[in-house]
Amino acid sequence: MDHGIQANSSESNPSQGHVSHLALDIGGSLIKLVYFSRKNDVSVDNKEEKSSKETVLVSNGDGKCPVLHGRLHFAKFETSKINDCLEFIQRNQLHLGGFQHHGVPGSEKSIIKATGGGAYKYTDLFKEKFGIFLDKEDEMDCLVAGANFLLKTVNEEAFTYTNGHKDFVQIDHDDLYPYLLVNIGSGVSMIKVDGDGKFERVSGTNVGGGTFWGLGRLLTKCKSFDELLELSHRGNNRVIDMLVGDIYGGMDYTKIGLSSTTIASSFGKAISDNKEIEDYNPEDIARSLLRMISNNIGQISYLNALRFGLKRIFFGGFFMRGHAYTMDTISVAVNFWSKGEAKALFLRHEGFLGALGAFTSYEKHGFDDSIVRQLVQKSPVSASHAGYKIHGPLNGERNENESIECSVYVN
Ligand SMILES: Nc1ncnc2c1ncn2[C@@H]1O[C@H](COP(=O)(O)OP(=O)(O)O)[C@@H](O)[C@H]1O
Ligand SMILES: CC(C)(COP(=O)(O)O)[C@@H](O)C(=O)NCCC(=O)O
């Protein structure tokens, strides 16, 4: 089960360092947490002058400012199991990782940045449990801020996925905008991004990750999202989907560019098979469903990219789950409909865009001594690329809870 952090190395253990800047994204399906843990033993390079065990000073152009070295951590929980999340926060004392708002003397409030619908829905719960106030950031603002943050600072964040092959894409910061951001969470939002904080939500669809998981659960009786993905992995969609060849006697419909293997109608074979649901393999049902939903999102995304002349579509959200078949289907759909003109790109930290956006929003406010001024990589990843150093396997097999080594400038 994937609730909570599964540290992939001892360095990912937050209890080893002081935790700060907790940010939450409480969505329809999942709660995502991002937080920073300060490293206790700081290595200091030539440019840096050590000032304490945990804080170093670096020149910031206009003088010196303290820098905290540490790691960004990621964790997620099912929203329906919010108590597990609260326990995790309590156990790791993450609720102390917000900031104090000094209003009227003696009335200091502890504030945590939060986004997603649950930031509204669960305000009282967090207040009662921890006495903290959820400072709400708009979900679309956070998605865009999170995507821009990742694309500009994290090395090997974006990749294409074709025929089972993952290719990381170097992002040219001067040529990033405009792009279409498609966030596939419970539902789907499509956002045209023109710059930092410059965007418009141009479309959306209610057929998203929640639809796949909800319908999949009903149709296959599986117990978890992972099980549903696993089923889809082993299934064959042709058992249930009606293909062009099924309609055209095994032939292509060349005049309109459809091959015999193209799906003409998802689940269409169930019309004439005279079978009950029990007669189908759950694997085949899961496969057809995943294909139907991924195809549909890929197509709507392309149509929106076409509306605005956008060539790059970045896909985020936990629906993807780094799952090969999902990404392959979306890539094929975008490629098919755009006749190769547009590209589907995926993000390693796919489901954490909103939480990262909320995390970076601490910077906007200027609260006491914990302002995130700027986040920088601790050591260069490549000469040409400024970004975080990601600790974890870079061979494409991402551990979704891997932490990122980084530094935070504070006031
Ligand atoms: N462990 C999981 N439990 C439930 N859904 C999951 C899980 N992992 C991936 N998903 C998929 O991710 C979707 C939620 O994605 P997410 O980006 O977190 O959206 P939201 O903000 O709406 O929760 C789910 O609807 C489901 O399709
Ligand atoms: C309402 C939402 C923004 C909530 O975000 P989520 O929790 O699904 O990530 C999203 O579900 C959505 O964009 N739904 C599609 C609604 C529509 O445009 O039809």
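Residues numbered from 1 in each chain as written. Chains lettered and ligands numbered in written order. Predicted model: local features only at pLDDT ≥ 70, side-chain atom pairs only at ≥ 80, totals over all residues. Heavy atoms only, no water.

(A) Quick look at the nonpolar core. Counting residues in each nonpolar core, the largest one holds 59 residues, and the members touching the most others are Leu24, Leu33, Leu72, Phe126, Leu181 and Phe314. Here the element with the most residues in this core is helix 4 (residues 139–153); it accounts for eight residues. Two domains each donate at least three residues to this core, and these are domain 1 (10–138 + 352–409) and domain 2 (158–240 + 280–347). Among all residues touching Leu24, those that are not within four sequence positions of it are Lys32, Leu33, Ile89, Ile112, Lys113, Ala114, Thr115, Phe126, Leu134 and Ala358. Grouped together as the second largest cluster of nonpolar side chains are 33 residues, Cys222, Leu229, Val334 and Phe346 included. (Core = buried A, V, L, I, M, F, W, Y, C linked by side-chain atoms within 4.5 Å. Buried < 20%, exposed > 50% of the residue type's maximum accessible area, 1.4 Å probe, protein only. Helix = DSSP H or I, 4+ residues; strand = E, 2+ residues; numbered from the N terminus. Domains from an automatic or database assignment. Contact = heavy atoms within 4.5 Å.)

(B) Seen up close, the site of ligand 2. Every residue near ligand 2 is listed here: Gly27, Gly28, Glu139, Met140, Ser186, Gly187, Val188, Ser189, Arg201, Gly204, Thr205 and Asn206. One nitrogen or oxygen atom from the side chain of Glu139 is found 2.8 Å from an oxygen atom belonging to ligand 2. Burial of ligand 2 by the protein amounts to 62% of the accessible area it has alone, namely 460 Å². Put simply, the parts of the chain that give the shell around ligand 2 at least two residues each are helix 4, strand 12 (188–195) and strand 13 (198–205). Of all the elements, strand 13 adds the most residues to the shell around ligand 2, at three residues. For the shell around ligand 2, the per-class residue count stands at two nonpolar, eight polar and two charged. (Near = heavy atom within 4 Å. Polar contact = N/O pair within 3.5 Å; in protein donor to acceptor, adjacent residues only side chain to side chain. Areas by Shrake-Rupley, 256 points an atom, 1.4 Å probe, with all protein chains shown as cover. Nonpolar A, V, L, I, M, F, W, Y, C, P; charged D, E, K, R; others polar.)

(C) Examining the site of ligand 1 more closely. Around ligand 1 sit 17 residues, and of these Ser29, Leu30, Lys32, Ser186 and Gly209 come closest. For ligand 1, an oxygen atom lies 2.8 Å from a polar atom in the backbone of Leu30. Contacts to ligand 1 include Phe318, whose backbone N or O atom sits 2.9 Å from an oxygen atom. Relative to its unbound accessible surface of 570 Å², ligand 1 loses 95% to contact with the protein. Elements with a contribution of two residues or more to the shell around ligand 1: strand 2 (30–38) and helix 5 (209–220). Tallying contributions element by element places helix 5 first for the shell around ligand 1, with three residues. Residue composition of the shell around ligand 1, grouped by class: five nonpolar, eight polar and four charged.

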